[in-house]
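Below, each chain spelled out in residue letters.
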Amino acid sequence: MKNYSICLLLIIVNILQAKAQKSPTSISSFNKNWEFVKDIDTVNPGEKLSTVHSGNINWEKVSLPHTPHIEPVKKVTEQWQGICFYRKFFTVPAVAKGKHIAVRFDAAMHEADVYLNGKHIYKHLGGFLPFYIDISDAVKIGQPNCILIKLNNQDNLDIPPGKPIKDLDFNYYGGIYRNAWLIIKNKLYISDAVQAGHEGGGGLLVSDENVSTQSAKILVNTEVNNGFDHPQQAQIKIRLTDRQGKTIATTLSGKQAIIPGSFGTFKQSLVVNRPELWSPEQPYLYSLEVQVLQNGRVVDEHAIKTGIKTIKFAPDAFYLNGKKLNITGTNRHQEYPYIGYALSDNAQYRDAWKIKDAGFNFVRCSHYPPSPAFLDACDELGILVMDAIPGWQFFGGKEFQLNSFQNIRDMIHRDRNHASVVLWEASLNETDMSKAYMDTANNIVHRELPFKNVFSSGWIDYAFDVFNPARQHLKAPDYWKKYNHPKPLLIAEYGDWEYYAQNAGFNQKEYSGLKSEERNSRQVRLDGQKRLLQQALNFQEAHNDDLYGPGIGDANWLMFDYKRGYAETWKLQALWISSGYLSLAFIFTRASMARSLMRTDLESLCFL
């Protein structure tokens, strides 16, 4: 009996050791148990608001994602803008002593000052991309800590999109509206790609080459940080598995010494025989597991989903895996009624599912980078993506442009490994950009992704690899059918403005004299079936007409309704659920009708 107990104890110990070795890194949700307050007047917030007893302030208990203000569906007053605070008391366990400790926020709008235990430790500008804060040397181990975030979403000409909300074609909201994470790792660890900020590097960078149905080579660059005060040796082990968990390929690097406070980059490759190629029809994803080894022991690891494919944008067509594919797409804004941007991951997935179910194979992220959860869903469901930086009809000064360039870098570092992303819209939408800006923006894309078949896009026919204007940027009846430049043409928007206010150009405030029937792509549900059917016919006519031109595809405006900042009254806004002017999601009462519309060919010019 004694021997049996000893054997059982040894088995348990071995299981626990194996489990510990299998999971050397802790990435846990940091979403719960926050406190929130807005519109308070205070100076020295780090000192005054970082203790449990912070005066007579009434802190609200909240969880992330969170919106600082519940916005009415019908616009009564201007959207809330101001300063708000989030704080969280937390304790880092004693086992984290001597490790790398960080917090990551997937997005917060849009000027963030971060305090830890009363001291200012970080500042971030921009509301659509993540920021990663190393708190290893500032956090107290085994004792209560307070992290305080001061957020300001007021108009700022230096922070893209820059344009004041009251004149903007969309509303950006406030708060910590995406997920937050607490990260505990060994001090020899895979870096965060955005935080590292190294051109063409940081974290994991996955690409492929020599792809065919017979074989493919996957290239993996891994950046490893050494947070110790003495040199460390590391190896990288990579394993690729299929959907069933079967190992398809593995590789182990040689040992590399990394000096203190610096990083090393490991370049490896794997060959996959008879790969399953990713496409909208078959969105096959492999699992890629990357482990950092020290003396044969796993000290850090990171796993992602990856798809194998080839893409090519040519003047005659878009080619996916060597075959022509007509792009049939839509645009998407990320907001929901009342909560603005504070969508759950499930709601992000729902949006992607509805886009796919409507028959689209492509989505343009208008006009900013979406949630990582939305891109994950596009990977899984098979939706091609045009990723976009924040911008709309505004070109700011030097600081604005520098921040915009940083948006391009951060967007690429965050999203470059997604199978679904095929285009990088490194262009400020409908903005009169300088040639110097466009040259630099396009150059950033290709320096960050120094591979074949990487494509930038922009709404001006200059610098970028793909030209993506809106249909209404030219006039009827030809629109873009006579475009003959040696560049791929993708119609990024159709079905709205050319019917709504063609004679108003880009001046949205000149529509007051238009008759209601002239606004026939922005009908309200209460206007009745006849006018809604006319609106649907407009989409059909525009899409069919695009097919006669040289374009490689098009994307309608728009899948889901959203609020516009410049609308003076609620009847001039797109109002999501209660009304629904131009979005396919609310024009059609059944998804099958949307599918019927988008799959109509040239021989069927009207489905009515």
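A. Layout of the overall build of the protein. A tally of regular secondary structure across the protein gives eleven helices and 29 strands. Going through the 608 residues of the protein one by one, you find that 58% of them count as buried. Accessible area of the protein: about 26000 Å², with a carbon and sulfur share of 51%.

B. Spatial organisation of the sheet that holds strand E23 (residues 327–332). Across the sheet, seven strands lie side by side as E28-E27-E26-E25-E24-E23-E29; this open sheet has parallel pairing. For this open sheet the edge positions go to strand E28 (466–467) and strand E29 (553–556), each flanked by a neighbour on one side alone. Packing against the sheet, helix H6 (residues 398–415) makes contact with strand E25 (384–388) and strand E26 (421–425), and its axis sits at approximately 170° to E26.

C. Region of the structure containing the pattern of salt bridges. Evaluation of the coordinates by the stated rule reveals 25 salt bridges. Salt-bridge contacts for Asp113 lead to Lys123; the nearest nitrogen and oxygen are separated by 3.0 Å. One end of the pair, Asp113, is in strand E6 (residues 111–116); the other, Lys123, is in strand E7 (residues 119–125), and ten residues separate them in sequence. The class for Asp113 is buried, based on a relative accessible area of 12%. On the basis of relative accessibility, which here comes to 42%, the residue Lys123 falls in the partly exposed class. Across the pair Lys482 and Asp478 runs a salt bridge, and its minimum N-O distance is 3.3 Å. Salt bridges here are not isolated pairs; linked through shared partners, they connect Arg471, Lys481, Glu498, Glu541, Asp545 and Asp546.

D. Representation of the confidence of the model for the protein in the model. Scored by pLDDT, the protein has a mean of 89; 86% of the residues are at 70 or more. Considering only residues more than four positions removed or in separate chains, one finds that residues 570–582, a stretch of pLDDT under 50, has 62 contacts.

E. Representation of the pairing of strand E4 (residues 83–91). Here strand E2 (residues 34–38) pairs with E4 via four bridges, running antiparallel. Following the sheet pairing, Phe36 is matched in E4 by Tyr86. Across nine bridges, E4 lies against strand E9 (residues 144–152) in antiparallel orientation. The partner of Cys84 across the bridge, within E9, is Leu151.

F. Focus on the layout of surface pockets. For the largest pocket, the calculated volume is near 1200 Å³. As for the largest pocket, its lining consists of 40 residues, and the residues nearest its centre are Arg104, His302, Ala303, Ile304 and Arg414. At the level of elements, strand E10 (180–185), helix H3 (193–196), strand E19 (297–306), helix H4 (345–357), helix H5 (372–381) and H6 are the ones that each hand at least two residues to the lining of the largest pocket. Grouping the amino acids of the lining of the largest pocket by side-chain chemistry returns 17 nonpolar, nine polar and 14 charged. By volume, the second largest pocket is sized at about 650 Å³. Lining of the second largest pocket is provided by 26 residues; of these, Ser207, Asp208, Lys309, Lys452 and Asn453 occupy positions nearest its centre. When contributions to the lining of the second largest pocket are tallied by element, the ones reaching two or more residues are strand E12 (204–209) and E26.

G. Seen up close, the pairing of E23. Within E23, six of the six residues are buried, which leaves it mostly tucked inside the rest of the structure. By the alternation rule, side chains of E23 split into Ile327, Gly329 and Asn331 and Thr328, Thr330 and Arg332, which are all buried. As paired elements, E23 and E29 share four bridges and run parallel to each other. When the sheet's bridge partners are listed, Ile327 is paired in E29 with Gly553. One ladder, built from four bridges, connects E23 with strand E24 (residues 362–365); its direction is parallel. Paired with Asn331 across the strands is Arg364, a residue of E24.

H. Main features of H6. The terminal C-alpha atoms of H6, which comprises 18 residues, lie 26 Å apart, in line with the 26 Å expected from a rise of 1.5 Å per residue. Within H6, 13 of the 18 residues are buried, which leaves it mostly tucked inside the rest of the structure.

I. Region of the structure containing the packing of H4 against H5. In the contact formed by H4 and H5, the axes pass within 8 Å of each other and the chain directions differ by 40°. Considering their axes alone, H4 and H5 lie oblique with respect to each other. Along this stretch, H4 crosses H5, giving a crossing that reads as right-handed. In this structure, H4 contributes Asp345, Gln348, Tyr349, Asp351, Ala352, Trp353, Ile355 and Lys356 to the contact, and H5 contributes Ala373, Phe374, Ala377, Cys378, Glu380 and Leu381. Looking at side-chain class alone, the contact of H4 with H5 contains nine nonpolar, one polar and four charged residues.

The rules we used
- Numbers given to residues run from 1 along each chain, matching the order in which its sequence is written.
- Per-residue local features of the predicted model are confined to residues with pLDDT of at least 70, and side-chain atom pairs are confined, for both listing and counting, to 80 or more; whole-chain, interface and lining totals are unaffected and use all residues.
- Processing note: side-chain calculations cover all non-hydrogen atoms of the structure and skip hydrogens and water entirely.
- Numbering of helices and strands runs from the N terminus; a helix is a DSSP stretch of H or I covering at least four residues, while a strand is a stretch of E covering at least two.
- When accessible area is computed with a 1.4 Å probe and restricted to protein chains, residues below 20% of their type maximum are described as buried, those above 50% as exposed, and intermediate ones as partly exposed.
- Residue burial considers only the protein chains on display, and all accessible areas are found by Shrake-Rupley using a 1.4 Å probe.
- Two strands pair under a simple rule: DSSP has to find at least two bridges between them.
- A contact between two residues is defined here by any heavy atoms of the two lying within 4.5 Å.
- Lines fitted to C-alpha atoms define the axes, with helix axes restricted to the stretch in contact, and inter-axis angles between N-to-C directions lie between 0 and 180 degrees.
- Put simply, a salt bridge is a Lys or Arg side-chain nitrogen that is within 4 Å of an Asp or Glu carboxyl oxygen.
- A residue's pLDDT is the confidence the predictor assigns to it, expressed on a 0 to 100 scale.
- Both cavities and pockets are sets of points on a 1 Å grid over the protein atoms alone; in a cavity a 1.4 Å probe fits but cannot get out, in a pocket the set is open with protein on both sides within 12 Å along at least five of seven lines, and lining residues sit with an atom within 4 Å of a point.
- Grid points are joined across faces, edges and corners, and a volume is the space filled by probe spheres set on the points.
- Under the scheme applied, nonpolar residues are Ala, Val, Leu, Ile, Met, Phe, Trp, Tyr, Cys and Pro; charged residues are Asp, Glu, Lys and Arg; polar residues are all the others, including Gly.
- The span expected for a helix works out to 1.5 Å for each residue beyond the first.
- Orientation labels follow simple angle bins: below 35 degrees gives roughly parallel, above 145 gives roughly antiparallel, 65 to 115 gives roughly perpendicular, and whatever is left gives oblique.
- Here a crossing is taken to be left-handed if its near helix is turned anticlockwise relative to the far helix by less than a right angle, and right-handed if that turn runs clockwise.

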